[in-house]
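What follows is the residue order along each chain.
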Amino acid sequence: SQKIEQNSEALNIQEGKTATLTCNYTNYSPAYLQWYRQDPGRGPVFLLLIRENEKEKRKERLKVTFDTTLKQSLFHITASQPADSATYLCALETSGSARQLTFGSGTQLTVLP
Amino acid sequence: EAGVVQSPRYKIIEKKQPVAFWCNPISGHNTLYWYRQNLGQGPELLIRYENEEAVDDSQLPKDRFSAERLKGVDSTLKIQPAELGDSAVYLCASSTLAGGSHEQFFGPGTRLTVL
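Residues numbered from 1 in each chain as written. Chains lettered and ligands numbered in written order. Predicted model: local features only at pLDDT ≥ 70, side-chain atom pairs only at ≥ 80, totals over all residues. Heavy atoms only, no water.

A. Summary view of the state of the cysteines. Evaluated as defined, the whole model comprises two disulfides over all chains. The partner cysteine of Cys 23 of chain A in its disulfide is Cys 90 of chain A, sulfur to sulfur 2.0 Å. On the sign convention where negative means left-handed, the S-S torsion of about 60° between Cys 23 of chain A and Cys 90 of chain A marks this disulfide as right-handed. Highlighted residues: Cys 23 of chain A in strand β3 (residues 19-26) and Cys 90 of chain A in strand β9 (residues 86-94), separated in sequence by 67 residues. Pair check on accessibility: Cys 23 of chain A and Cys 90 of chain A agree, each one buried. Residue Cys 23 of chain B pairs covalently with Cys 92 of chain B via a disulfide, S to S 1.9 Å. Between Cys 23 of chain B and Cys 92 of chain B the disulfide shows an S-S torsion of about -70°. By sign, it is left-handed. Placement of the pair is Cys 23 of chain B in strand β3 (residues 19-24) and Cys 92 of chain B in strand β9 (residues 88-95), with a sequence separation of 69 residues. Cys 23 of chain B gets classed as buried once you look at its relative accessible area, which sits at 0%. (Disulfide = S-S within 2.5 Å. Helix = DSSP H or I, 4+ residues; strand = E, 2+ residues; numbered from the N terminus. Buried < 20%, exposed > 50% of the residue type's maximum accessible area, 1.4 Å probe, protein only.)

Right under this line is the structure:
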C-alpha cells in the first residue's frame, strides 16, 4: 500500500543549529515533492517544490533534497530560529494526478532559544 | 491580495445535526480543494473542483457529505447528519495553473467539534 512517513516524533533543536526533517515514501512515483509549514490554528503554507529530476533545491535558509532511489526527501533549515518552530508537512504529487497532493502526517519542530 | 477565506472558523454541533462550511478562493484560481485534517495528521483530500466541475470526489463520504461550487467561485461543503468521527479541521485550498504553479494556497480552516 502507499505510505508517506515523516519523522515519527517531534524534533527539538537548539537555536542556530541545522534542523533536518525526513520524508520517506513507498509505492509512489512522485513527479514533484512539496514542503509546507503549518502553524497552530492556520492552514499549511507552501515553502518549496522539488521535481523528480532535481537533486537539491535551496531558498534562503531552506534546503530540500530528493532521492528517488531511496524514496526519500530531506528538508533542512540552517541557522534555525525560534520562529521556525512549526509543523512541517511533505506532500507528494504524481504526474497523473494533476496538482493533487498526498500529505504526510508532519513533523513538529521546536527550536529552543 | 486576499487569501483563501473560510467561514465559520469554529463550529460546535451535536451529532446528527447538519453543518455547512463556506470557502471563497483566491480570485482567478480555477482549482478548489476541500481537505479534512485530523489531529496530528496531514490534510486528506475530500474533493477537488476544476471551475465548477468536481473532478475527484473519490474520498468524499457521499452518504453524508456533499459539496458544490456554483459559478466556479465560492464553494460549500455540507455534512448531514454529522457523526462524532467528523470532528476535524476542514481546510479549503485553491490553486492556479498559471505560470506552471503547483502551489496550493490554504485557508485557515474550520474546526468542527461534534458532541
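This is not the end of the story, as more comes after the structure.
B. Up close: the interface of chain A and chain B. In this complex, chain A contributes 20 residues to the contact, which on the side of chain B involves 21 residues. For the pair chain A and chain B, the summed buried surface comes to about 1600 Å²; carbon and sulfur atoms form 48% of the total. Of all residues in chain A, Arg 99, Gln 100 and Phe 103 of chain A bury the most surface against chain B, accounting for 37% of the area lost on that side. Counting every contact that joins chain A to chain B gives zero salt bridges. Here the side of chain A that touches chain B gets four residues from one element, more than from any other, and that element is strand β4 (residues 30-38) of chain A. Across the side of chain A that touches chain B, the residue classes break down as nine nonpolar, eight polar and three charged. (Contact = heavy atoms within 4.5 Å. Buried area = accessible area lost by both parts, 1.4 Å probe. Salt bridge = Lys/Arg side-chain N within 4 Å of Asp/Glu carboxyl O. Nonpolar A, V, L, I, M, F, W, Y, C, P; charged D, E, K, R; others polar.)

C. Representation of the pattern of salt bridges in the model. On inspection of all chains with the given rule, the structure shows eight salt bridges over all chains. For Asp 39 of chain A, the salt bridge identified is with Arg 37 of chain A, shortest N-O distance 3.1 Å. A residue is classified by how much of its surface remains accessible, and Asp 39 of chain A, at 24% relative accessible area, is partly exposed. For Arg 37 of chain A, a relative accessible area of 18% gives the class buried. Notably, a salt bridge pairs Asp 57 of chain B with Lys 62 of chain B, separated by 3.8 Å at the nearest N-O pair.

D. Summary view of the environment of Ile 47 of chain B. Residues and elements named next belong to chain B. Position of Ile 47 relative to the elements: it lies in strand β5 (residues 44-50). Once the C-alpha coordinates of Ile 47 and Asp 74 are considered, the two residues, 27 residues apart in sequence, prove to be 14 Å apart. Once residues within four sequence positions are removed from consideration, Ile 47 is found in contact with Leu 32, Tyr 33, Trp 34, Ala 54, Asp 56, Asp 57, Leu 60 and Ala 67.

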